[in-house]
Amino acid sequence: MSSAKPMCWFRLYSVGFDVVKLRLVAFEDRWHFVALLCCKSKGLLDSADSHDLKTRKVALKLGLTTRELDEVARRLSEVGLIDRDTLQPLAWEERQYKTDTSAER
């Protein structure tokens, strides 16, 4: 788990539109993936909550039941976008730089 401060924004690359992994999932699951990125950015996926409580909170954020969230997680993990058990987006660290801060601006 990360002790990093939640971010109010995150990088979403314009080439994401052409990423095969995203195109392999249904349109609504693309939105679920973006919503999970938002949850990651806000620190929800890295909270110290129990797995069950975190799952319930994420499901609530996405407007899903926990059963529906489990199915979404299965589909997104099947194509390599997230870790099914933790809901963590894969390759997050490579795309979100520690230097991405507006403090110096």
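A few points on the structure. (Residues numbered from 1 in each chain as written. Predicted model: local features only at pLDDT ≥ 70, side-chain atom pairs only at ≥ 80, totals over all residues. Heavy atoms only, no water.)

Interhelical geometry of helix H2 (residues 27-41) versus helix H3 (residues 51-62) gives an angle of 125° and a closest axis separation of 10 Å. Overall, the two elements H2 and H3 adopt an arrangement that is oblique. As H2 packs across H3, the resulting crossing turns out to be right-handed. Residues His32, Ala35, Leu36 and Cys39 of H2 form the contact with H3, whose own contacting residues are Val58, Lys61 and Leu62. Considering only residue class, the contact of H2 with H3 consists of five nonpolar, one polar and one charged. (Axes fitted to C-alpha atoms, helices over the stretch in contact; angles between N-to-C directions. Helix = DSSP H or I, 4+ residues; strand = E, 2+ residues; numbered from the N terminus. Parallel < 35°, antiparallel > 145°, perpendicular 65-115°, else oblique. Left-handed = near helix turned anticlockwise from the far one by under 90°. Contact = heavy atoms within 4.5 Å. Nonpolar A, V, L, I, M, F, W, Y, C, P; charged D, E, K, R; others polar.)

Now for the pattern of salt bridges. Under the criterion given, the structure shown has seven salt bridges. In this structure, Lys40 engages Asp46 in a salt bridge whose closest nitrogen and oxygen atoms are separated by 2.8 Å. Asp46 carries the same exposure label as Lys40, and that label is buried. Residues Arg75 and Glu71 are paired through a salt bridge, measuring 3.6 Å at the closest nitrogen-oxygen approach. Taken together, the positions of Arg75 and Glu71, both in helix H4 (residues 66-78) and four residues apart, correspond to about one turn of that helix. Overall, Glu71 belongs to the partly exposed group, its relative accessible area being 31%. Residues joined by salt bridges that share partners form a network here, namely Asp29, Glu71, Arg74, Arg75 and Glu78. (Salt bridge = Lys/Arg side-chain N within 4 Å of Asp/Glu carboxyl O. Buried < 20%, exposed > 50% of the residue type's maximum accessible area, 1.4 Å probe, protein only.)

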